[in-house]
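Structural features, examined
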Amino acid sequence: MNSHPFTWNWLLSHSEVIDNIKTLNGKKKFFVDNNCGFHVHINRDFFKESHLYRMIKLWYGDPKFFAKISKRDRCDLYEWANPNPPTDEFEYYNEKGIMEYMADDMDPKCSALNFTGSNKTVEVRLFTGSLNPKLIWAYLEFILGTVLFTKKEYRESEITTKN
């Protein structure tokens, strides 16, 4: 299932789109199983290179956490949305280096984040498919939260468990 592009504000004012998705369950020629993925495309124009770099560092910084929240089984996860860092030297890459590596050496259909296949979007591929509206809202809110969090440049001392 694909949707047309929309903004977060549009979605909030048309929440029935997500809330009624469960009615598709059991429809002829429509099903969701563990092989389906929930992918979200975000307009690439929203991101500067430094923002993408922070997003990459966050999304690949804790593979066990992202594997757990993906709701995918292990085999499916590593085949379609690998949350592991793209290279063992990942933490040592600077902004320019990681962007070049991701653009040249990553398989976009096997990674949790794909921004190499299209210059127009950043594709989030992490989550398993679902017809559960609560889970879909959680996926979308998590993605929005990580996008907004990584947009701002924080000093390490600003990020604590208290804020």
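Here goes a summary of the coordinates provided.

About the thresholds
- Residues numbered from 1 in each chain as written.
- Predicted model: local features only at pLDDT ≥ 70, side-chain atom pairs only at ≥ 80, totals over all residues.
- Heavy atoms only, no water.
- Core = buried A, V, L, I, M, F, W, Y, C linked by side-chain atoms within 4.5 Å.
- Buried < 20%, exposed > 50% of the residue type's maximum accessible area, 1.4 Å probe, protein only.
- Helix = DSSP H or I, 4+ residues; strand = E, 2+ residues; numbered from the N terminus.
- Polar contact = N/O pair within 3.5 Å; in protein donor to acceptor, adjacent residues only side chain to side chain.
- Contact = heavy atoms within 4.5 Å.
- Arc of directions from axis to C-beta.

**Re the nonpolar core**
Counting 30 residues, the largest nonpolar core has Trp59, Phe127 and Ile143 as the members making the most contacts within it. Of all the elements, helix α7 (residues 133–151) adds the most residues to this core, at six residues.

**Some points on the side chain of Thr121**
As for its placement among the helices and strands, Thr121 is situated in strand β3 (residues 121–128). A distance of 3.0 Å separates a polar atom in the side chain of Thr121 from a polar atom in the side chain of His41.

**Observations regarding the environment of Thr121**
Along the chain, Thr121 and Asp45 lie 76 residues apart, while their C-alpha atoms are 7.8 Å from each other. Aside from chain neighbours lying at most four places away, what touches Thr121 is His41, Ile42, Arg44, Asn114 and Phe115.

**Some words on helix α4 (residues 63–70)**
Listed in full, the buried residues belonging to α4 are Phe66, Ala67 and Ser70. Along α4, the residues classed as buried sweep out an arc of 105° about the axis, all on the same side. Seen from the buried face of α4, the exposed residues on the opposite side, beyond 90 degrees, are Lys64 and Lys68. Its buried side turned inward, α4 meets α3 (49–61), α5 (74–80), β3 and α7. Phi turns positive, to about 65°, at Lys71, one or two residues after α4.

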